[in-house]
Structures are given as C-alpha cells and as structure tokens.
Amino acid sequence: KYSKMAKVNILADALKAIMNASRMGDHQVLIRPISKILLKFLLIMQRYQYIGSFQMIDDQKTGKLIINLTGKINKCGCISPRYNVTIKKLLKFKNTLLPSKSFGLIVITSSKGMMDHSIAIRNKISGKLLGFFY
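Remember, it's a predicted structure, so these values are computed and weren't measured experimentally. (Residues numbered from 1 in each chain as written. Predicted model: local features only at pLDDT ≥ 70, side-chain atom pairs only at ≥ 80, totals over all residues. Heavy atoms only, no water.)

1. Quick notes on the overall build of the protein chain
- Helix and strand counts for the protein chain come out as four helices and eight strands.
- Each helix and strand of the protein chain, ordered N terminal to C terminal, gives the series α-β-α-β-β-β-β-α-β-β-α-β.
- The C-alpha atoms of the protein chain give a radius of gyration of 15 Å, which matches the 14 Å a tight globule of 134 residues would have.
- For the protein chain, the C-alpha atoms occupy an extent of roughly 50 × 30 × 25 Å along the three principal directions.
- The burial tally for the protein chain puts 37% of its 134 residues in the buried class.
- Sequence-distant contacts in the protein chain: of pairs separated by 6 or more residues, those separated by 24 or more amount to 62%.
- Entry remark: accessible area of the protein chain is about 8,600 Å², with carbon and sulfur atoms responsible for 53%. (Helix = DSSP H or I, 4+ residues; strand = E, 2+ residues; numbered from the N terminus. Rg over C-alpha atoms; globule rule 2.2 N^0.38 Å. Buried < 20%, exposed > 50% of the residue type's maximum accessible area, 1.4 Å probe, protein only. Contact = heavy atoms within 4.5 Å. Areas by Shrake-Rupley, 256 points an atom, 1.4 Å probe, with all protein chains shown as cover.)

2. Structural notes on the pairing of strand β1 (residues 28-31)
- The alternating pattern of β1 places Val 29 and Ile 31 on a buried face, while none of Gln 28 and Leu 30, on the opposite face, is buried.
- Relative to strand β3 (residues 64-69), β1 is paired through four bridges, and the arrangement is antiparallel. Directly across from Leu 30, in β3, lies its bridge partner Ile 66. (Pairing = 2+ DSSP bridges.)

3. Looking at the nonpolar core
- Of all hydrophobic cores here, the largest spans 26 residues; its most connected members are Ile 18, Phe 41, Met 45, Ile 67 and Phe 133.
- Secondary structure elements with two or more residues in this core: α1 (10-24), β1, α2 (36-47), β3, β6 (105-110) and β8 (127-133).
- No other element matches the six residues that α1 contributes to this core.
- Here Ile 67 is in contact with Ile 18, His 27, Gln 28, Val 29, Ile 31, Leu 42, Ile 51, Ser 53 and Phe 54, once residues within four sequence places are set aside.
- By size, the runner-up hydrophobic cluster in this structure holds twelve residues, among which are Val 85, Leu 90, Leu 129 and Phe 132. (Core = buried A, V, L, I, M, F, W, Y, C linked by side-chain atoms within 4.5 Å.)

4. With respect to the pairing of strand β7 (residues 113-116)
- The pairing of β6 with β7 spans four bridges and is antiparallel. Paired with Val 107 across the two strands is Asp 116, which belongs to β7.
- Adjacent in sequence and paired antiparallel, β6 and β7 are bridged by two residues.

5. Quick notes on the packing of α1 against α2
- Put simply, α1 and α2 touch, their axes get as near as 9 Å, and they point 40° apart. With respect to α2, the axis of α1 lies oblique. Viewed along their axes, α1 and α2 form a crossing whose handedness is right-handed. From α1, Ile 10, Leu 11, Ala 14, Leu 15 and Ile 18 reach across to α2, where they touch Ile 37, Leu 38, Phe 41, Leu 42 and Met 45.
- Here the residues of the contact of α1 with α2 sort into ten nonpolar, no polar and no charged. (Axes fitted to C-alpha atoms, helices over the stretch in contact; angles between N-to-C directions. Parallel < 35°, antiparallel > 145°, perpendicular 65-115°, else oblique. Left-handed = near helix turned anticlockwise from the far one by under 90°. Nonpolar A, V, L, I, M, F, W, Y, C, P; charged D, E, K, R; others polar.)

6. Focus: the environment of Asp 26
- Structurally, the position occupied by Asp 26 is in the loop between α1 and β1.
- The sequence separation of Asp 26 and Thr 70 amounts to 44 residues, and the corresponding C-alpha distance is 9.4 Å.
- Setting aside anything within four residues of it in sequence, one finds Asp 26 in contact with Ala 21 and Leu 69.

7. Brief notes about α1
- When the terminal C-alpha atoms of α1 are compared, their 21 Å separation across 15 residues agrees well with the 21 Å that a helix rising 1.5 Å per residue should span.
- Residues Leu 11, Ala 14, Leu 15, Ile 18, Met 19, Ala 21 and Ser 22 constitute the buried set of α1. The arc that holds every buried residue of α1, seen down its axis, measures 165°, which confines them to one face. Those residues of α1 that are exposed and angled more than 90 degrees off the buried face are Lys 16, Arg 23 and Met 24. (Expected span 1.5 Å × (residues − 1). Arc of directions from axis to C-beta.)

In short, shape yes, function no, at least from these values alone.
In structure tokens form, the structure reads like this:
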C-alpha cells in the first residue's frame, strides 16, 4: 500500500490549474481540494470579472469547484512564502509583479480580511502577500 501525500499549497495548485486551463482555451476547470482562502481569492477574481461564476460540489471530503473562465486571465499565481508587506513594500511588489500601473491586482490578507492591493493602499493596511492576477 502506498500512502498519499497531502497537498502543501492548495491555492498555488488551484491557480496553476486555472492558468493551464486558460492557456488551453478551456471554458471550465475542475479544482479539488478547496479551502477557505481559495474561495475568498476566487471571489476577488470574480469581483473584477477575471473569472465567471463558480459552483461548489460537496463530495463529503474536501470538496470540488467548477469554475467558468472568461478568457480574461493572462497570468495568475501564488506568492510563496507569504511575505509580510507594509504599504511601501507593497508598492515595490506592485511594480515587480504587475505589467503596468492600471492593470492587474495583488491579493493580500490581513487582520481586516482578504483584499486587493488598491484597497489596502487606500486604507493604509499592511498584511501578507497571497497571490496576483492580470
């Protein structure tokens, strides 16, 4: 008998699956397992219309997601390790990760919840980097 290894970074695996499906031109992608962080990240992507609707399937284990893709994603990824960022460092990461000033988002998590970099800068909130998409 073989023992199964646990997934280390569910968010990174899910974003990689979305990216691969988007490059292939698929309209839907199945993601499993899911986590609360992944769901909140996808809600931010959905708010800015980078992905369409998604449906959660409860399989009595870890759950599955079917995500409808809009074809708007050029690149998305997880940032590991999750660096602590102040507002000053967030501006540096914005210049490093995103292709232009008005294009793309960096997602951070803080004690105030998960948000994109523009809200964090506006409200002067620092936190940990989770990922990016554009």
